[in-house]
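An overview of the molecular structure
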Amino acid sequence: MSDTSPAPAHPAPPVLDVWCELQCPDCRTALDDLRALRERYGDRLELRLRHFPLEKHKHSFAAAQAAEEALEQGKGWPYVEAVLSRVEELDRKGEPFLVEVARELGLDAEEFDTALIDGRHILIVDADQAEGKAIGVTGTPTYVIGGERLDGGKSQEGLRERIEEIADRLLAEQPA
């Protein structure tokens with residue numbers, strides 16, 4: 001009789017939800033922390049982009065939709081980093097800039113344009129925003145890991161260390 005039991009599953013990595021807004025200068029500042037976390041943990045920590053577009057930034061809702069399209073095309077974080085590193089251009093150029101960045105990254109720019117027009121990612125952005133409001137997110141960046149909310153909108157001082165403490169604890173608690 002053959003053994004059809006599945007191979008032992010690896011425990012799912014702890015999740016760091018990153019509530020972010022692509023027209024937010026504070027989120028740009030947070031990129032260094034996110035890069036350092038990715039470098040330190042690799043796939044042992046799942047960084048999950050969550051959208052929290054703020055009304056004061058008129059292109060942030062479109063940018064959130066564009067980020068979802070980039071995720072779908074397999075380059076979510078590179079796209080987020082590219083847009084955030086040029087916040088001023090997004091301020092100035094708006095939606096055409098979002099398509100321009102997609103083209104620069106070798107993504108299907110026409111598909112981006114269509115996605116922004118047909119609104120196919122609006123529900124994801126709306127759902128993230130609603131969930132964020134429900135758990136008390138008021139600004140970006142805000143991080144949630146291990147049930148703890150860390151607000152980076154006021155100050156990012158010491159946040160990476162705190163995230164690492166929690167991630168290390170969650171990883172240590174996982175079954176081997």
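Residues numbered from 1 in each chain as written. Predicted model: local features only at pLDDT ≥ 70, side-chain atom pairs only at ≥ 80, totals over all residues. Heavy atoms only, no water.

A word on the pattern of salt bridges
- Tallying each qualifying case throughout the model produces 23 salt bridges.
- In this structure, the salt-bridge partner of E164 is R40, at a minimum N-O distance of 2.8 Å. Taken together, the residues E164 in helix α8 (residues 159-173) and R40 in helix α1 (residues 25-41) connect sequence positions 124 residues apart.
- Note on E164: relative accessible area 13%, which makes it buried.
- The partner of E104 in a salt bridge is R86, and the shortest N-O contact between them spans 2.7 Å. Of this pair, E104 sits in helix α5 (residues 95-104) while R86 sits in the loop between α3 (76-84) and α4 (87-93), placing them 18 residues apart in sequence.
- According to the relative accessible area criterion, E104 is partly exposed, its value standing at 47%.
- Taken together, the salt bridges that share partners define one network made up of D17, R48, R50, D128 and E131. (Salt bridge = Lys/Arg side-chain N within 4 Å of Asp/Glu carboxyl O. Helix = DSSP H or I, 4+ residues; strand = E, 2+ residues; numbered from the N terminus. Buried < 20%, exposed > 50% of the residue type's maximum accessible area, 1.4 Å probe, protein only.)

Some remarks on the side chain of R50
- By the secondary structure assignment, R50 is in strand β2 (residues 46-51).
- A polar contact of 2.9 Å, which involves the side chain of R50, links it to the side chain of D128.
- Non-local contacts of R50, meaning those with residues more than four positions away in its chain, are made with D17, V18, W19, C20, D128 and E131. (Polar contact = N/O pair within 3.5 Å; in protein donor to acceptor, adjacent residues only side chain to side chain. Contact = heavy atoms within 4.5 Å.)

Comments concerning the packing of aromatic side chains
- Overall, the coordinates contain 1 aromatic pair when judged by the stated rule.
- A centroid spacing of 5.2 Å and a plane angle of 35° characterise the contact between Y79 and F112, whose relative ring orientation is tilted. Of this pair, Y79 sits in helix α3 while F112 sits in helix α6 (residues 109-118); the two residues are 33 residues apart in sequence, bridging distant segments of the chain.
- Judged by relative accessible area, F112 falls into the buried class, the value being 0%. (Phe/Tyr/Trp six-rings, centres within 6.5 Å; stacked < 30°, edge-to-face > 60°.)

Topic: the sheet that holds β2
- Overall, mixed pairing links the 4 strands, which are arranged β2-β1-β3-β4 in an open sheet. Strand pairing shows two members of the sheet lacking a second neighbour, β2 and β4 (148-151), which therefore form its edges. Direction aside, neighbouring strands of the sheet carry axes that sit 20° apart on average.
- Examined bridge by bridge, strand β1 (residues 15-20) and β2 share 6 bridges and lie parallel to one another. Bridging across to β2, W19 finds its partner in R50. (Pairing = 2+ DSSP bridges. Axes fitted to C-alpha atoms, helices over the stretch in contact; angles between N-to-C directions.)

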